[in-house]
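Listed below, chain by chain, are the residues.
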Amino acid sequence: MTAATISRGRRHKRVRSPFHRAMVTGLVFGIIAVYLAVVGILPMIHERAIIVDLLTMAQTALLAIGLGAGAYLARGERHHSIATIVLNGLIAGAVAGGLLALLVVAMNSIDLRSIFISLSPATSDMLTLELGLGVAVPLLVVAGAVLGVLGVLLAISTPSVRKPVLVGCMAVLFFGVFQELIQIMMQFNDAIGAVRDVLYTWEGLTPEGAAIIFIIATGASLLVTRMQVRSAASGTTSWWQSRNGQFAKAGIAMLVLILLPILAGSYIGQVLMLVGLYILMGMGLNLEVGLAGLLDLGFVAFFAVGAYTTALLTADSPHALAAFTAIPHMSFWMAMPIAVLISVMVGVLFGIPVLGVRGDYLAVATMGLGEIVRVVVQSDAAAPLLAGAQGILQIPKPRIGGFELADPVALFFLTLVCAGFAAYCAWRLESSRLGRAWMAVRDDEDVAQALGINLVKVKLLAYGLGAAFAGLSGSIFAVMLTSVYPSSFQLLVSINVLALIIVGGMGSLPGVIVGSLALVGLPELLREFGEYRYLFYGVALIVMMRIRPEGLWPSATRRRELHDFAGDLELEEPPPAVVAEVAAHAEHRPGE
Amino acid sequence: MADVAAGRSLIPRLSTLSRFTFVDVILWALRIGVTIVVVGGTIGTLYKGRYVATQWFDLVMFGLTLGSVYALIALGYTMVYGVLRLINFAHGDIMMTGAFSGYFIASALDYSGFLNSNPILAMGAILAVAVATSTTIAVLTERFAYRPFRHVRGLAPLICAIGVSFFLEQTFRGLFGPSIHSYPDPKWEAKPIVLYNFSAPGAETPIPPLTVPTVDVVVIALAIVAMLVLYTIIQKTRMGTAMRAVSEDTDAAAMMGIDVNKVVVFTFALGGAMAGIAGVFYAFVFKQVYFFMGFQPGIKAFGAAVLGGIGSIPGAMLGGFFLGVVESVGPALFLDGIGIPAPYQLRDLIAFTLLIMVLIFRPHGILGERMAKKRA
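Residues numbered from 1 in each chain as written. Chains lettered and ligands numbered in written order. Predicted model: local features only at pLDDT ≥ 70, side-chain atom pairs only at ≥ 80, totals over all residues.

### Re the overall build of chain A
Point 1. Check the secondary structure of chain A and you find 27 helices and four strands.
Point 2. In chain A, which comprises 592 residues, the share counted as buried stands at 43%.
Point 3. Looking at chain A alone, contacts between residues at least 24 apart form 77% of all its contacts between residues at least 6 apart. (Helix = DSSP H or I, 4+ residues; strand = E, 2+ residues; numbered from the N terminus. Buried ≥ 20, exposed ≤ 12 C-beta atoms within 10 Å, placed from the backbone. Contact = placed C-beta atoms within 7 Å.)

Right under this line is the structure:
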């Protein structure tokens, strides 16, 4: 305690201007805006309109940055007077806008394009709104200041105002960003098609459409808030939170998954299928990383094994095993279990040498193993068997009776069934004896061993079972593409899977699904972002680790762990608010 | 503490004697298999005699060049690991940032002709800018990405480091484009240094003389100078002493009044500077710069750091040179002999196999005194 006081005292010695925080916030948000522009994200999303001829995605992003600067500032300064906070917001916004203005000036006075490829005249036009420097520079500063103030006002307004406004904006954003998708889905019926004509043109929302969506969403949000308040007052829990409600929710999610690709066509089918494949892989890696704590960066190798086994067993190419061995051509249904089995074997084989390697070293060792697999598959030395860089072509699509699963939607259903089955297995494994043993190993290997857990068996099972999921995924991947190339099995896939389970929540099954939808589905839908998806992954990994290490949808155990940990820290000297809260809880409990 | 460690290492040794499990069988098979490939391949290659002595010499020289780059990068890994017990996964990408900034200076100087008229000054300028950039980025990474995880156990710091690596790569991709930029060719590189002339000038059938590419000599020499400077800094200066103290025992060092934060920043700065130099050299040797270039040398240099014994500075240098030579000579020496077609495609295979073998069988490396399992 004394040490903390001393350091706090020292920190306070430096006299800071009252606007220090506003300046820093403005600088940070301004740097974000400049970064987005220089890296090329803003110029890219400028092509896409949210509201036709009124607002592009890039402008929306800049607006959000300005508002965000104000809102962030207001959050930490509740105890100041409103005038001070508003003034701070004004300063932060102006600083952020000023940085952008500086960028514009720099772009127009020095030739930066020969180094920074995104700083083209088009980018300059985007930032200046083609108004010329003399108007644009003050405009950027003023706009920033106004947005900062608006952000502050939004943040300090009462929730009953803030929430509906935010929901309305989000709804407009959602309908604008996913306009292509929504429009395709709205085409199937004439009546809905008429609605579409009002809301949309082919480039984006019409201004009227945006207004309609905003009003509806705001109204709905107001209604829901009012109902929630009423139910909270009467003390009844909503039906949705009951057990039946939970099942109903899951049922609705299932129905959406089945109907969505049928309604939205093959493009969505393709995207969802990819999501499904990553869910499969994610569940596999989740067993290794999430449950057993074995950080495996060579995971892609098992995916490759599944894909290559399927290809070698089923393809109509000279590289297929049937072409030069006694093994007959197989159908996909025969090859898939074999592929899974071989993946398991490879998984165990991979696991054995790295059994004694722990922590960070394990990550690097497995990454090395994964890279070895890729190098070997790509090389000429293995080309007679694995076809080298040319890949194995002409893998037939799976058939059921006379029906060929050629359509992405049909293949999506195949993936869905497999993922469902795998999810069931993973779910059962989680709370099984083995699952608990994994968690014990994750938390402390030495203690787990001392408690009689056979480390070798448990770890190898984690590698093997994890590999099984990846092998299944690879097998479907091979028939999806009808060809396999070594270039599909880069380290990036491993990182991708790792990122999605971390974003979703380590050790959590629903987390895997959320993570794949967010990291695989979203970039696939926002096709322009494809180029920047790995940038997004990197940022997601850092931010998740810092802000929400338990993930978007954490598992119950992990939530409890982190919660307990936080509780431990507070134990020493609980602030009065916490004490009061705990007391209130204690009073409530008998009444329940 | 020492007794516990000794006891720990004793117990598995006894149990291996009493119970020889299938895992041990497979591990031994792995050792024996790799040994057979290495020995058999070497004998096969030498027996075939496809390579002459000058070719071996070229391979070794190239290996030393590559190795000096690895060694410079490995120093960054090893210093950061020593102080923070963190694998700075993004260190290879910090090298890339140095290479990129050096490239822009080099191409500007090439355009103005300065690169050829004043090669030494130009090299100095390129190195200075590269070092400045990579040091800045290394320090910034530490401040914003690693410092919040200073006291976090488990996988979070490593995962964050992977995120940083991606962030740096993709940022540079966005800034400078995904294409491969080709590095300018200064004139002094064109003529190799002749070490020994086998035949008298004007002979009828001249035997090709023993030569070394000038780049190799420059890179190796400058890298050794850089390493010597670094070693002096660490051994002789106050800050270097503080750094060694922190890597010995952080808490005790803090109690002796050492500002650990300052030391960590200093470590990252030194590592970043070495990575910047490595980036310039790597670009000079391979003549290309692109956003993903840091990944592979980064991983290999980590292998080199582990090979030498992570935390040990001479170890990192030794490991780097060793890895470079093995990677360069290996395909010809080990793989050609057992009749593998196109062995040079498998260069990375040799490096990664070495990396994995070290991680599995000798995680404390050649010179490492610290137990590698300490962090786990």
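Right, picking up where we left off after that structure.
### Comments concerning the overall build of chain B
Point 1. If you tally the helices and strands in chain B, you get 14 helices and four strands.
Point 2. Going through the 376 residues of chain B one by one, you find that 46% of them count as buried.
Point 3. In chain B, of all internal contacts separated by at least 6 residues, the share reaching a separation of at least 24 is 77%.

### Focus on the interface of chain A and chain B
Point 1. The interface is formed by 44 residues belonging to chain A together with 44 residues belonging to chain B.
Point 2. Of all elements in the fold, only α2 (20-39), α17 (359-378), α23 (491-504) and α25 (533-547) of chain A reach the threshold of two or more residues within the side of chain A that touches chain B.
Point 3. With 13 residues, α17 of chain A is the largest single contributor of residues to the side of chain A that touches chain B.
Point 4. Looking at the side of chain A that touches chain B residue by residue, the class counts come to 33 nonpolar, six polar and five charged. (Nonpolar A, V, L, I, M, F, W, Y, C, P; charged D, E, K, R; others polar.)

### Some thoughts on the packing of helix α13 (residues 266-291) of chain A against helix α19 (residues 408-430) of chain A
Residues and elements named next belong to chain A.
Point 1. Where α13 meets α19, the axes come as close as 8 Å, and the angle between the chain directions of the two elements is 20°. Considering the angle they form, α13 stands roughly parallel to α19. The two elements α13 and α19 cross, and the hand of that crossing is left-handed.
Point 2. A per-class count over the contact of α13 with α19 returns 19 nonpolar, six polar and one charged. (Axes fitted to C-alpha atoms, helices over the stretch in contact; angles between N-to-C directions. Parallel < 35°, antiparallel > 145°, perpendicular 65-115°, else oblique. Left-handed = near helix turned anticlockwise from the far one by under 90°.)

### A closer look at the nonpolar core
Point 1. Grouped together as the largest cluster of nonpolar side chains are 276 residues, with contacts concentrated most on Leu541 of chain A together with Ala71, Leu72, Ala99 and Ile277 of chain B.
Point 2. Sorting elements by how many residues they give to this core places helix α3 (residues 53-84) of chain B first, with 16 residues.
Point 3. Two domains share this core, each providing at least three of its residues, namely domain 1 (16-230) and domain 2 (270-551) of chain A.
Point 4. In this structure, Ile277 of chain B is in contact with Leu72, Leu127, Ala130, Val131 and Ala226 of chain B, ignoring residues within four places of it in sequence. (Core = buried A, V, L, I, M, F, W, Y, C linked by C-beta atoms within 7 Å. Domains from an automatic or database assignment.)

### As for the environment of Leu42 of chain A
Residues and elements named next belong to chain A.
Point 1. Turning to its location among the elements, Leu42 is positioned in helix α3 (residues 41-45).
Point 2. The class of Leu42 is buried, set by 24 C-beta atoms lying within 10 Å.
Point 3. Each C-alpha atom, one on Leu42 and one on Ile156, is 29 Å from the other, the two residues being 114 residues apart in sequence.
Point 4. Discounting chain neighbours no more than four positions away, the residues touching Leu42 are Leu36, Ala37, Ala58, Ala61 and Met126.

### Some remarks on the environment of Val340 of chain A
All names here are of chain A.
Point 1. Mapped onto the secondary structure, Val340 falls in helix α16 (residues 332-351).
Point 2. Residue classification places Val340 among the buried residues on the basis of 24 C-beta atoms within 10 Å.
Point 3. Separated by 60 residues in sequence, Val340 and Ile400 have C-alpha atoms that sit 20 Å apart.
Point 4. Those residues within four positions of Val340 in sequence are excluded, and the remaining contacts are Gly306, Ala468, Gly471, Leu472 and Ser475.

### Quick word on the confidence of the model for chain B
Residues and elements named next belong to chain B.
Point 1. Scored by pLDDT, chain B comes out at a mean of 81, with 89% of its residues at no less than 70.
Point 2. When the elements of chain B are averaged for pLDDT, helix α1 (residues 2-18) gives the smallest value, 51, and helix α11 (residues 260-286) the largest, 90.
Point 3. The model gives residues 1-7 a pLDDT under 50, and that stretch makes one contact with residues more than four places away or in other chains.
Point 4. Per the prediction output, this complex has pTM 0.83; the corresponding ipTM is 0.81. (pLDDT = per-residue confidence, 0-100.)

### Some points on unusual backbone geometry
Point 1. Although it is not a glycine, Thr482 of chain A adopts a positive phi angle of roughly 55°.
Point 2. Mapped onto the elements, Thr482 of chain A comes out in the loop between α22 (455-481) and α23.
Point 3. A positive phi is found at Arg85 of chain B, a non-glycine position, where the angle reads about 55°.
Point 4. Within the secondary structure, Arg85 of chain B is located in the loop between α3 and α4 (91-112).
Point 5. A residue is classified by how many C-beta atoms lie within 10 Å of it, and Arg85 of chain B, with 18 of them, is partly exposed.

### Here we look at the environment of Leu175 of chain B
Point 1. Its place among the elements puts Leu175 of chain B in helix α7 (residues 156-176).
Point 2. For the pair Leu175 of chain B and Phe291 of chain B, spaced 116 residues apart in the sequence, the C-alpha separation amounts to 9.7 Å.
Point 3. Setting aside residues no more than four positions away along its own chain, Leu175 of chain B makes contact with Val38, Val39 and Phe116 of chain A.

### With respect to α23 of chain A
Point 1. Given a rise of 1.5 Å per residue, 14 residues ought to cover 20 Å, and the 20 Å separating the end C-alpha atoms of α23 of chain A matches this to within 8%.
Point 2. Most of α23 of chain A sits out of view: 12 of its 14 residues are buried.
Point 3. Val493, Ser494, Ile495, Asn496, Val497, Leu498, Ala499, Leu500, Ile501, Ile502, Val503 and Gly504 of chain A are the residues of α23 of chain A that are buried.
Point 4. The secondary structure elements touched by the buried residues of α23 of chain A are α13, α14 (300-314), α17, α24 (509-525) and α25 of chain A together with α7 of chain B.
Point 5. Residue Gly505 of chain A follows α23 of chain A closely and has a positive phi angle near 130°. (Expected span 1.5 Å × (residues − 1).)

### A few points about the packing of α19 of chain A against α22 of chain A
Residues and elements named next belong to chain A.
Point 1. The interhelical angle for the contact between α19 and α22, taken along N-to-C directions, is 175°, at an axis separation of 11 Å. Of the possible angle classes, the one that applies to α19 and α22 is roughly antiparallel. Contact residues: Leu411, Leu414, Thr415, Cys418 and Ala422 in α19; Phe469, Leu472, Ile476 and Met480 in α22.
Point 2. In terms of residue class, the contact of α19 with α22 is made up of eight nonpolar, one polar and no charged.

### Quick notes on α17 of chain A
Point 1. Taking 1.5 Å of rise per residue, the 20 residues of α17 of chain A would be expected to cover 28 Å, and the 29 Å separating its terminal C-alpha atoms lies within 8% of that figure.
Point 2. Of all 20 residues in α17 of chain A, 19 are buried, a share of seventy percent or more.

### Topic: the confidence of the model for chain A
Residues and elements named next belong to chain A.
Point 1. Scored by pLDDT, chain A has a mean of 79; 87% of the residues are at 70 or more.
Point 2. Looking across chain A, the model is least confident in helix α27 (residues 576-591), with a mean pLDDT of 44, and most confident in α22, with 89.
Point 3. Taken together, the stretch residues 1-13 has pLDDT below 50 and engages in zero contacts with residues farther than four places along the chain or on a different chain.
Point 4. Note that pLDDT drops below 50 for residues 565-592; the model gives that stretch two contacts with residues more than four away or on any other chain.

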